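Coordinate inspection notes
What follows is the residue order along each chain.
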Amino acid sequence: MEKEFFDSVIIGRGLAGLSSAIESKENKNTALFFLEKEKEPKANSFNAQGGIAAAINSNDSVEKHFNDTIKAGAGLCNQKIVKILVEKGKEKILELIDLGFEFDKENGVSFGLEAGHSEKRILHSKGDNIGRELTSFYLKLAKEKNIHFFPEKKLNELIIQKDSGKAVVFDDLLVEFNSLIFASGGYSSLYSKNTNKGKTKGEVNSIALKAGIELMDLEFEQFHPTTIKETNFLLSETLRGEGAFLVNDLNEKFMEKISGKDLATRDVVSVKVTEEIEKKRKVFLDCTKIKNFEERFPSIYLKLKEMKLNPELIEIEPAAHYSIGGIKIDLNSRTNLKNVFAAGECSCSGVHGANRLASNSLLEAVVFGSIAGKNAMQTKKNEKIKTEKINELIKTKNSFNSNFDFPLLQKLMWNYCGIKRNENELQKGLTKIKKMEKNNYTFLAEKIIESALNRKETRGTHFRTDFSEIKEKAEHTVIRK
Ligand code: SIN
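Residues numbered from 1 in each chain as written. Predicted model: local features only at pLDDT ≥ 70, side-chain atom pairs only at ≥ 80, totals over all residues. Heavy atoms only, no water.

This brings us to the overall build of the protein chain. The number of helices and strands found in the protein chain is 13 helices and 22 strands. For 481 residues, the compact-globule formula gives about 23 Å, and the C-alpha radius of gyration of the protein chain, at 22 Å, lands near that figure. In terms of overall dimensions, the protein chain has C-alpha extents of about 70 × 55 × 45 Å along its principal axes. Contacts spanning at least 24 positions in sequence make up 75% of the contacts within the protein chain whose residues lie at least 6 apart. When the accessible surface of the protein chain is split by element, carbon and sulfur atoms take 48% of a total near 19800 Å². Taking the average location of the 77 positive side-chain charges in the protein chain and that of its 69 negative ones, the two points are 3 Å from each other. (Helix = DSSP H or I, 4+ residues; strand = E, 2+ residues; numbered from the N terminus. Rg over C-alpha atoms; globule rule 2.2 N^0.38 Å. Contact = heavy atoms within 4.5 Å. Areas by Shrake-Rupley, 256 points an atom, 1.4 Å probe, with all protein chains shown as cover. Lys, Arg positive; Asp, Glu negative; His and termini not counted. Charge placed at Lys NZ, Arg CZ, Asp CG, Glu CD.)

On to the site of the ligand. G50, E114, H224, S236, E237, R266, H321, R356, A358 and S359 make up every residue found near the ligand. R266 has a polar side-chain atom sitting 2.9 Å from an oxygen atom of the ligand. Separating an oxygen atom of the ligand from a side-chain N or O atom of H321 is a distance of 2.7 Å. A total of 260 Å² of accessible area belongs to the ligand in isolation, and the protein chains cover 94% of it. When grouped by side-chain class, the residues that make up the shell around the ligand number 1 nonpolar, 5 polar and 4 charged. (Near = heavy atom within 4 Å. Polar contact = N/O pair within 3.5 Å; in protein donor to acceptor, adjacent residues only side chain to side chain. Nonpolar A, V, L, I, M, F, W, Y, C, P; charged D, E, K, R; others polar.)

Where strands meet in a sheet, backbone hydrogen bonds hold them as pairs that are either parallel or antiparallel. With mixed pairing, 4 strands are arranged side by side in an open sheet as β18-β16-β10-β22. Two strands in the sheet have a free side with no partner beyond their single neighbour: β18 (347–348) and β22 (478–479). Pairing of strand β10 (residues 215–216) with β22, which is carried by 2 bridges, proceeds in the antiparallel orientation. Across the sheet, residue L215 finds its bridge partner in β22, namely I479. (Pairing = 2+ DSSP bridges.)

In this section: the packing of aromatic side chains. With the rule as written, the count across this model stands at 13 aromatic pairs. Relative to Y441, the ring of F406 has its centre 5.0 Å away and its plane inclined at 65°; by these criteria the two rings are edge-to-face. Pair noted here: F406 is in helix α11 (residues 406–416) and Y441 is in helix α13 (residues 440–454), with a separation of 35 residues, a long-range link. Taking relative accessible area as the criterion, F406 reaches 11% and is therefore assigned buried. In this structure, K210 packs its charged tip against the face of F443, placed 4.7 Å from the ring centre. The ring of F297 is capped by R296, whose NZ or CZ atom sits 4.4 Å from the centre of that ring. (Phe/Tyr/Trp six-rings, centres within 6.5 Å; stacked < 30°, edge-to-face > 60°. Buried < 20%, exposed > 50% of the residue type's maximum accessible area, 1.4 Å probe, protein only. Lys NZ or Arg CZ within 6 Å of the ring centre and 35° of its normal.)

This part is about unusual backbone geometry. One non-glycine residue, A74, lies in the positive phi region at around 50°. The topology assignment puts A74 in the loop between α2 (62–72) and α3 (79–98). Despite not being glycine, K126 has its phi angle at roughly 45°, a positive value. For K126, the location among the structural elements is in the loop between β5 (122–123) and α4 (130–143).

This part is about the pattern of salt bridges. With the rule as written, the count across this model stands at 36 salt bridges. K92 is the partner of E95 in a salt bridge, and the nearest nitrogen-oxygen pair spans 3.6 Å. Here E95 pairs with K92, and both are found in helix α3, just 3 residues apart, close to one helical turn. Classification of K92 as buried rests on a relative accessible area of 13%. Put simply, D217, E219, R455, E457 and R459 are held in one network by salt bridges that share partners. (Salt bridge = Lys/Arg side-chain N within 4 Å of Asp/Glu carboxyl O.)

A few words on the sheet that holds strand β13 (residues 245–248). The 5 strands are arranged β12-β11-β15-β14-β13 in an open sheet whose pairing can be described as antiparallel. Both outer strands of the open sheet, β12 (233–234) and β13, are each paired with one neighbouring strand and no more. The sheet contact formed by strand β11 (residues 221–228) and strand β15 (residues 313–323) spans 6 bridges and is antiparallel. Counted as the bridge partner of I228 is I316 from β15.

Within the largest apolar cluster, 57 residues are counted, with the highest numbers of intra-cluster contacts made by V168 and F182. With residues up to four places along the chain from it excluded, the contact list for F182 reads I11, L158, V204, A208, I213, I327, V340, F341, A342, A343 and C346. Listed in part, the 51 residues of the second largest apolar core include I22, I81, V86 and A343. (Core = buried A, V, L, I, M, F, W, Y, C linked by side-chain atoms within 4.5 Å.)

The subject of this paragraph is the packing of α2 against α3. Here α2 crosses α3 at 135°, and the two axes come no closer than 9 Å. The angle between α2 and α3 places the two elements in the oblique class. Considering only the axes of α2 and α3, their crossing is right-handed. Here V62, H65, F66, T69 and I70 of α2 come into contact with α3, specifically with Q79, V82, K83, V86, E87 and K90. The class makeup of the residues in the contact of α2 with α3 is 5 nonpolar, 3 polar and 3 charged. (Axes fitted to C-alpha atoms, helices over the stretch in contact; angles between N-to-C directions. Parallel < 35°, antiparallel > 145°, perpendicular 65-115°, else oblique. Left-handed = near helix turned anticlockwise from the far one by under 90°.)

On the surface, K25, K88, K145 and K374 cluster together to form a positively charged patch. You can see K374 is positioned in helix α10 (residues 361–377). (Patch = residues over 30% accessible without salt bridge, like charges linked within 9 Å, V, L, I, M, F, W, Y side chains within 5 Å.)

Moving on, we come to the side chain of D60. With respect to the secondary-structure elements, D60 resides in the loop between β3 (52–53) and α2. Exposure remark for D60: the relative accessible area of 10% places this residue in the buried category.

Burial within strand β7 (residues 155–161) is extensive, with 5 of its 7 residues counted as buried. In terms of strand pairing, β7 meets strand β8 (residues 164–170) through 6 bridges, oriented antiparallel. Along β8, the bridge assignment pairs I160 with G165. In this structure, β7 lies alongside strand β19 (residues 394–397), joined through 4 bridges in antiparallel fashion. Across the sheet, the residue bridging to L158 is T396, located in β19.

That is the geometry; function is a separate question.
So, in structure tokens, the structure goes:
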């Protein structure tokens, strides 16, 4: 097998991975691997529509952003980490502006509003194309560095020795490292309805857990209330921030009675939309009040045109959108395995608590990607693997049969571990999944359901119909091998 060595290996083609990569120093040798065979990075962050939240508006403050994040997180946010997010996040955005990144402007910078924000603080770029613009900007910065890109390699194995990461195997290439950063996205694709156009399906979380890395809060999957029905195409919350509202086929504005109305946090709106659908009602997003739709939301406008849909009244349904749970990391983006870091959606620091505040995820990718990158570059030298010892090391594989029925798994996750959960349905789902092929997808799905079964309360995105109360004491779910 061919062998390579890098000071730092990053797995991930999105904003968190690129943001780690640009911390690479001149004298360091960094490699960026994309999980899937794709030439250009098109991760979930690339597809983000809404924006990036930061308290740079003159009426705003990092304290207000902190408080909104904590409130949305339903008692489970790690306050120290949220403080880092809002403070460093603001610095990063100002740095980006200095570097020449262009946010959309209306007398300076224009600020949008999304659910759960007490101030207009969502920055956007080229209308609803912030993800594409930011990722491309970071990719350009990364290309100026001494970084080796491996866009067509598939992760096969993680190799560890005792409590330390040693190497990864991509196809037929063994890559040793001083430090490894997982930045490979979430597991929303495990659900049949999901907004993730990227191909990451959470396999890295399974590999990490099998290798002894702790995972946290897997039960907190964030569902987005508005996707175009039966397409998984996201209709950004910013539409509601700019005047769109939900209405059913009886012409009832059912969010009117709820605190926060159409801009209640996503967990609340997703449940309400689901309840309407359960009552056999159709739900629509009415966008008649949006000014300059085509200019402000060019990608959404184009999609609607392509589908010959009327932008004024679009039938919607919720879909899995963002995995709050993931690889447990500390303030320094470190996992519990020496030399191994994680950042972005595949990680879980507690920054989002039980429900992520809208547009905090691009900020998370930028801030914690950079922290992971900086710390990874300082990792001490790892002893090289002796070829004759390779078979004695622990290897976790990323394998599954090509005829594995992935759509069935997605359907089971949606039906039995979706927006509204209860013991009976979760158990049914678990039993069915246990009968499927054992691989990294079913392994992770089982862990998600077990976490959902163990959390006997309703908190944030975890809505239990059989345990409707929130417990006084907020606790994380930590899973170990
Ligand atoms: C959206 O545009 O509604 C999604 C933004 C986000 O997930 O933060």
